[in-house]
Amino acid sequence: MNRTIMGAILVVGGSVGYMAGGLIFGPPSRDQRIATLFEEVCVRQAFGEARTEPPYQKVVPVRSFDNTRLWVDPVSASFLEIPDAKCDLKTHDPNALSRVDAEKLAARIEPIVLDSFPDLAFDPSVTLGDGTISRGWMRGEAMSPERRGVVFFAYPEMEDGAGSSLTLFYPDPPG
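Residues numbered from 1 in each chain as written. Predicted model: local features only at pLDDT ≥ 70, side-chain atom pairs only at ≥ 80, totals over all residues. Heavy atoms only, no water.

Enquirer: Which parts of the structure should I look at to understand the overall build of the chain?
Expert: Of regular secondary structure, the chain possesses three helices and eight strands. The linear arrangement of helices and strands in the chain, starting from the amino end, is α-α-β-β-β-β-α-β-β-β-β. Looking at the chain as a whole, 38% of its 175 residues qualify as buried. Within the chain, counting contacts between residues at least 6 apart in sequence, those at least 24 apart form 48% of the total. Carbon and sulfur atoms make up 57% of the accessible area of the chain, which totals about 10,200 Å². (Helix = DSSP H or I, 4+ residues; strand = E, 2+ residues; numbered from the N terminus. Buried < 20%, exposed > 50% of the residue type's maximum accessible area, 1.4 Å probe, protein only. Contact = heavy atoms within 4.5 Å. Areas by Shrake-Rupley, 256 points an atom, 1.4 Å probe, with all protein chains shown as cover.)

Enquirer: Is there a simple way to explain the side chain of Thr-132 in this structure?
Expert: Along the chain, Thr-132 falls in the loop between strand S5 (121–122) and strand S6 (133–139). Side chain to side chain, Thr-132 and Ser-134 meet in a polar contact 3.2 Å long. Look past the residues within four positions of Thr-132 in its chain and what remains in contact with it is Arg-99, Thr-127, Ala-154 and Tyr-155. (Polar contact = N/O pair within 3.5 Å; in protein donor to acceptor, adjacent residues only side chain to side chain.)

Enquirer: What is the right way to look at the nonpolar core in this model?
Expert: One recurring pattern in soluble globular proteins: nonpolar side chains tend to sit buried together. Counting residues in hydrophobic clusters, the biggest one holds 30 residues, and the most contacted among them are Phe-38 and Phe-152. If you list the elements that add at least two residues to this core, you get helix H2 (30–46), strand S3 (78–82), strand S4 (86–92), helix H3 (99–116), S6, strand S7 (148–155) and strand S8 (163–169). It is H2 that provides the largest number of residues to this core, a total of seven residues. Filtering out sequence-adjacent residues up to four positions away, Phe-152 remains in contact with Ala-102, Leu-105, Ala-106, Ile-109, Ile-133, Ser-134, Arg-135, Ser-164, Ser-165 and Leu-166. (Core = buried A, V, L, I, M, F, W, Y, C linked by side-chain atoms within 4.5 Å.)

Enquirer: Which parts of the structure should I look at to understand the packing of H2 against H3?
Expert: Two quantities define a packed helix pair, namely the angle between the axes and the distance from one axis to the other. The geometry of H2 relative to H3 is characterised by a closest axis approach of 8 Å and an angle of 25° between their N-to-C directions. One finds that H2 runs roughly parallel with respect to H3. Crossing handedness for the pair H2 and H3: right-handed. Within the contact between the two elements, H2 uses Arg-30, Asp-31, Gln-32, Ile-34, Ala-35, Phe-38, Glu-39 and Val-43 and H3 uses Asp-101, Lys-104, Leu-105, Arg-108, Ile-109, Ile-112, Val-113 and Ser-116. Tallied by class, residues from the contact of H2 with H3 come to eight nonpolar, two polar and six charged. (Axes fitted to C-alpha atoms, helices over the stretch in contact; angles between N-to-C directions. Parallel < 35°, antiparallel > 145°, perpendicular 65-115°, else oblique. Left-handed = near helix turned anticlockwise from the far one by under 90°. Nonpolar A, V, L, I, M, F, W, Y, C, P; charged D, E, K, R; others polar.)

Enquirer: Got a minute to help me understand unusual backbone geometry in this structure?
Expert: Cis geometry marks the peptide bond from Asp-93 to Pro-94, where omega comes out at 10°. Its identity as a non-glycine residue notwithstanding, Ala-77 has a phi of 55°, on the positive side. Residue class for Ala-77 comes out partly exposed when judged on its relative accessible area of 25%.

Enquirer: What exactly am I supposed to notice about the pairing of S6 here?
Expert: Each regular strand displays side chains that alternate between the two surfaces of the sheet. Counting buried positions along S6 yields five of seven residues, so the element is predominantly enclosed. Note that S5 and S6 share two bridges and pair antiparallel. Looking at S6, one finds that Ala-121 is bridged to Met-138. In the sheet, S6 pairs with S7 via seven bridges, with the strands oriented antiparallel. When the bridges of S7 are listed, Gly-136 appears paired with Val-151. (Pairing = 2+ DSSP bridges.)

Enquirer: Help me understand the pairing of S3 in this model?
Expert: The element S3 is largely enclosed, with a buried count of four among its five residues. Bridging between strand S2 (residues 68–73) and S3 involves five bridges; their strand directions are antiparallel. Residue pairing across strands places Asp-73 opposite Ser-78, the latter belonging to S3. As consecutive antiparallel partners, S2 and S3 are separated by four residues, and within that stretch Ala-77 has a phi angle of approximately 55°, a positive value. Sheet topology places S3 next to S4; three bridges connect them, and they run antiparallel. Opposite Phe-79, over in S4, you have Lys-90 as the bridge partner. Connecting the antiparallel pair S3 and S4 is a turn made up of three residues.

What follows is the structure in structure tokens.
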């Protein structure tokens with residue numbers, strides 16, 4: 001085979017491979033990234049891992065005071081906030097999750113919650129009303145000190161107030 005043709009094949013093949021790799025190994029979807037942050041940061045801390053910097057180099061610290069730490073995650077356009085007794089992942093307008101992304105996130109976190117916290121039960125009373133996506137897995141009576149669990153709310157159609165919140169309430173302050 002001619003060297004020119006072989007060179008062209010290598011150049012074209014390499015370019016196609018590079019582009020395909022970018023598609024295959026591109027950044028995760030927003031719902032996937034938020035679910036990963038939830039599992040890798042919030043859930044791990046619920047099981048006693050020290051409250052230190054999250055294990056992601058791409059989250060950017062915003063502030064740390066009053067026993068609260070706040071980071072922004074540019075991959076998912078969400079905020080990770082870790083006060084003493086809970087771990088929150090939130091989105092806000094104009095970067096709120098779409099209804100589709102919120103539904104995907106709800107589906108992604110359910111198996112994480114069921115696997116990590118088998119003592120929590122689905123609680124259908126955890127809702128914000130019509131037009132919202134709400135899920136809750138709780139233990140303990142409402143408004144009692146024993147109440148803990150995971151709640152997810154998304155309100156994608158609230159115009160300027162659109163957003164979401166995925167919160168893990170720890171049974172005791174971790175670490």
